[in-house]
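Summary of structural features
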Amino acid sequence: MKQPVVYCLLAFLVALSALSAAASVPVVEGVSRELAVYRSAHISDVKYRLEFTVPDQKSQPVSFSETIIFNWTGDEDLQIDFQGSPAQLHQNIVVNGSTVEAVVLNEHIVIPSRYLVQGVNSVQLSGISGDKALNRREDYMYTLFVPDHARSVFPCFDQPDLKAVFDLNLNIPDGWVSISNQTSKPIPTYLFSFTAGKFSVQTATRDGRQLTALYRETDPAKVAQLPIVFDQVALSLRWMEEYTGIPYPFEHYGFVVLPGYQFGGMEHPGCIQFNDQRIFLGPEPTPDEELSRLNLIAHETAHMWFGDLVTMRWFDDVWTKEVYANFMADKIAREQFPDINHDLAFIKSHYPLAMSTDRTEGTHPIQQLLDNMNKAGLLYGNIIYHKAPIMMSKLEKEKGVDALQQGLRSYLSRYAYSNASWDDLIVELDRFNPGHSAQSFSDVWVKQKGMPVINSNRMSDLVRVRQSDPYGRNLVWKQGFDFGYVDENGRFCQQHIYMNDRDCLLYVGYNDGLFVNSNAEGYGQFKLRNEDISRMSEAWKTMADNDLTRYAAVINLYENFHLGRITAKELTTVLLEFLTHEKNELIASTTCSYISDLMACLESKERAATEQRLFELVQQHPLQSVRQTLLRQLSLRAVSPEVVNEMYEIWNKQSATYLNPRDYMRMAYHLAIMQPDRWQHILDVQRSRLNNEDQRREFDFISRACNPDAQVQQHLFNELLQAENRRIEPWARDMLALLNDPTREPFSNRYITTGLDILPEIQRTGDIFFPGYWLTGLLSGHHSDEAKALVEQWIELHPDLEPALMNKLKENAYWILRL
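Everything numeric here is computed off the predicted structure, so don't read it as measured data.

Criteria and cut-off values
- Residues numbered from 1 in each chain as written.
- Predicted model: local features only at pLDDT ≥ 70, side-chain atom pairs only at ≥ 80, totals over all residues.
- Heavy atoms only, no water.
- 1 Å grid on protein atoms, 1.4 Å probe; cavity = no way out; pocket = protein on both sides within 12 Å on 5 of 7 lines; lining within 4 Å.
- Points joined across faces, edges and corners; volume = space filled by probe spheres on them.
- Helix = DSSP H or I, 4+ residues; strand = E, 2+ residues; numbered from the N terminus.
- Expected span 1.5 Å × (residues − 1).
- Buried < 20%, exposed > 50% of the residue type's maximum accessible area, 1.4 Å probe, protein only.
- Phe/Tyr/Trp six-rings, centres within 6.5 Å; stacked < 30°, edge-to-face > 60°.
- Lys NZ or Arg CZ within 6 Å of the ring centre and 35° of its normal.
- Patch = residues over 30% accessible without salt bridge, like charges linked within 9 Å, V, L, I, M, F, W, Y side chains within 5 Å.
- Areas by Shrake-Rupley, 256 points an atom, 1.4 Å probe, with all protein chains shown as cover.
- Salt bridge = Lys/Arg side-chain N within 4 Å of Asp/Glu carboxyl O.
- Core = buried A, V, L, I, M, F, W, Y, C linked by side-chain atoms within 4.5 Å.
- Contact = heavy atoms within 4.5 Å.
- pLDDT = per-residue confidence, 0-100.

**Observations regarding the layout of surface pockets**
- Put simply, the second largest pocket is a space of about 1,000 Å³.
- Residue lining of the second largest pocket: 44 residues in total, with Asn135, Arg136, Arg137, Arg727 and Ile728 positioned closest to the centre.
- Counting only elements with at least two residues in the lining of the second largest pocket, the list comes to helix H23 (693-702), helix H25 (729-739) and helix H27 (759-765).

Take a look at the structure:
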């Protein structure tokens, strides 16, 4: 029988002392940059031979057996990353045929240098995998190792620039199927993955290539959408091959559609993972939802080149793979949806979300510093997913479309199946059209935080445009955008301005007023004069034929609310007028979102009137997507008794055919909170409508937060403080949000301090997006002075909090802190 490795205290202390004295690279928790740089210089040609045994009972652990083969040129002890305890290793380790007593120290298995040879080495290990990244359910599981969770499942070199070839054998229960990305091509540990369980399987052939899908959805109407998904995969592959000049870099293309998945998708080559809500749409999806699905598919497909074929050297450049995946996805969408105004779609997709972070005290540069992989998850957010594509679109204009494509092709060819940094890419880009320096552009847009504040002043026939740096660094964000005006003949004209300095002069001659940033391409906060605000407030009728200018008016007015130039009440009135007349679904979507944000800032009578007007638009607006969006918003946010009663009637009769079962489920949560006298009846009826076991599990977990009993609510919050109760992160997020529903203030204010105290543990135990999810659920429902005081006090008492984590807090606390 295999025995666990056991240490007495004295032996452990002796080993610790010896290792500390011998190693020049400290043995610290996580994967430090110092360790990664040393290993990258001395380890190469890595191969993993892995075997996992998955029992049919979730309560039983998954076990692993592996051999790591690698070339070694170092002279120090070898650190293999392993997040488990010594007891999780079954036996002593075999290194090059010799048995070695395992020393597990600070999340590393340390192999003394005397057992290693210059050249090829092998290390054999076996043990019990931790559950952290296995995402186990009763009858399926999937691994998710990004950014550094592979080491929680098997010992490995868990850093992106030690790519390896994986040979995998899975032992799974009878009746289960599996998919993995076992490949002859080298990939980093964060991209290695496998999924196993009770799934349906469908295959399709497109362009001579077989595509494979695994899914758990049982609704035939939703499953019938898979041919569309296969078509969009094929389109994305064709487009990427043509743009890059490089064939699909891996042997197979498969994907898994997962319920309760914590991301939108993850780009494991050969076995991409997708969130089921993003792939299987309702019976009448909005244009936003259809475009979002294609963008997701194209995004993950683009990663096969950007991120998988060429991988960042270190996770401080994780944004490089994300920026190109998003940038390429936007280009691919132009082919799939040719009738959409894609300039508008790009601006809508990225500008509001990027600015929602960039205007806060929690903003940060696109490229961030990283000293240890255990903090890599904090790098993700709106800046890398949305500001970075904006930067790329401006860099493409700076370099030229052809020069950018040539530079990217050169970059992919030079670093294929290897690693590169952003600075490596800049060198490649500047080989083409060198007169327009990508380096100087990058120094501001990529390496510095924030966005400019832009003012314009009329001086006779000239307009003086000045950008200022809100952080006092005198930075200049190079970019171009348009100024619109009405000439002496009554025609609307636009004149382009390129700002490569802090001040620019624009000649406009005779004009009847100005439309600042009239093509909406300018990134920053355009501080409007009173006459500009009045003019833009009328854009819904004066610019009825110019979509970009109307969108510019909406986004500029909204940013001037944040600058204090227009009140929430005034802006809500303006946006309701816009929405009433808007015929462009993309503009209407953003307008709906902004109105939803502003509602929490209104006095109770103003809010009730706004909710009533929005419900009228639910019934009357000519665009179904607007009716659908507004009804979804009201079903989650309405507080006036009249509108809540209307929501109940719609839910009770299921009379809105364009809502899907998940919409009705979320509506039930809100109604149960708003109508506590019949909360149990609402939940019982809603549960009886669910015909999918995965949906029932989710509902049973989350709906408990609708209980009106304050003691039950406190108990549920206390449960969420335990990591085992947060394993399905979207469920934990949704429960936390219900416990912090705006109607539950001031009682729910008691959760704030404790919920913030646990932030470091949330970051340590959760996946990459969960710190943001946790903070959203904890804080977004609070709008009181007491809540603001609690958050401010907590920030003041924790000056030593990890800076990236503090940024997450300040970003998510923005609406509270601005009270």
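**Considering helix H10 (residues 401-414)**
- The terminal C-alpha atoms of H10, which comprises 14 residues, lie 20 Å apart, in line with the 20 Å expected from a rise of 1.5 Å per residue.
- The complete set of buried residues in H10 reads Ala403, Leu404, Gln405, Gly407, Leu408, Ser410, Tyr411 and Leu412.

**Focus on unusual backbone geometry**
- Of the consecutive residues Val146 and Pro147, the connecting peptide bond is found in the cis state with omega at -5°.
- Following the sequence through the fold, Pro147 ends up in the loop between strand E9 (140-142) and strand E10 (164-171).
- A positive phi angle is found at Asn106, which is not glycine, with a value near 50°.
- Relative to the helices and strands, Asn106 resides in the loop between strand E6 (104-105) and strand E7 (108-111).

**Points about the packing of aromatic side chains**
- All told, the structure shown has 48 aromatic pairs when counted by the stated rule.
- On the numbers, 5.8 Å between centres and 70° between planes, the contact of Tyr351 with Tyr523 is edge-to-face. In this pair, Tyr351 is assigned in helix H8 (residues 342-358) and Tyr523 in the loop between strand E26 (514-515) and strand E27 (525-526), connecting sequence segments 172 residues apart.
- Among the residues examined, Tyr351 registers a relative accessible area of 3% and is labelled buried.
- Site record: aromatic cluster; members linked through ring pairs are Tyr48, Phe52, Phe145, Phe154, Phe166, Phe192 and Phe194.
- Taking the ring centre of Trp651 as reference, the NZ or CZ of Arg689 above it sits at 4.5 Å.
- Across the ring face of Phe701, the terminal group of Arg704 is positioned such that the distance to the ring centre comes to 4.8 Å.

**A word on a nonpolar patch on the surface**
- Together, Met459, Leu462, Leu505 and Tyr507 make up an exposed nonpolar region whose accessible area comes to about 400 Å².
- Residue position: Leu505 is located in strand E25 (residues 503-507).
- Residue classification places Leu505 among the exposed positions, given a relative accessible area of 57%.

**What to know about the nonpolar core**
- One finds Phe52, Phe154, Phe255 and Tyr324 to be the most contacted residues of the largest nonpolar core, which totals 273 residues.
- In this view, Phe255 contacts Ile179, Thr212, Ala213, Leu214, Leu226, Val229, Phe230, Val233, Cys271, Ile272 and Phe274; residues no more than four positions away in its chain are not counted.

**Points about the confidence of the model for the protein**
- Confidence along the protein averages 94 in pLDDT terms, with 97% of residues attaining 70 or more.
- Throughout residues 1-22 the model reports pLDDT below 50, and contacts reaching past four residues in sequence, or to other chains, amount to 30 contacts.

**Considering the environment of Val791**
- Tracing the backbone shows Val791 in helix H29 (residues 785-797).
- As for Val791 and Leu817, which are separated by 26 residues in sequence, their C-alpha atoms are 7.8 Å apart.
- Once residues lying within four places of it in the same chain are set aside, the contact partners of Val791 are Ile752, Leu779, Ala813, Ile816 and Leu817.

**Regarding the side chain of Thr67**
- Within the secondary structure, Thr67 is located in strand E2 (residues 63-72).
- The exposure class of Thr67 is buried, given its relative accessible area of 17%.
- Once residues within four sequence positions are removed from consideration, Thr67 is found in contact with Lys47, Tyr48, Arg49, Ser122, Val123 and Gln124.

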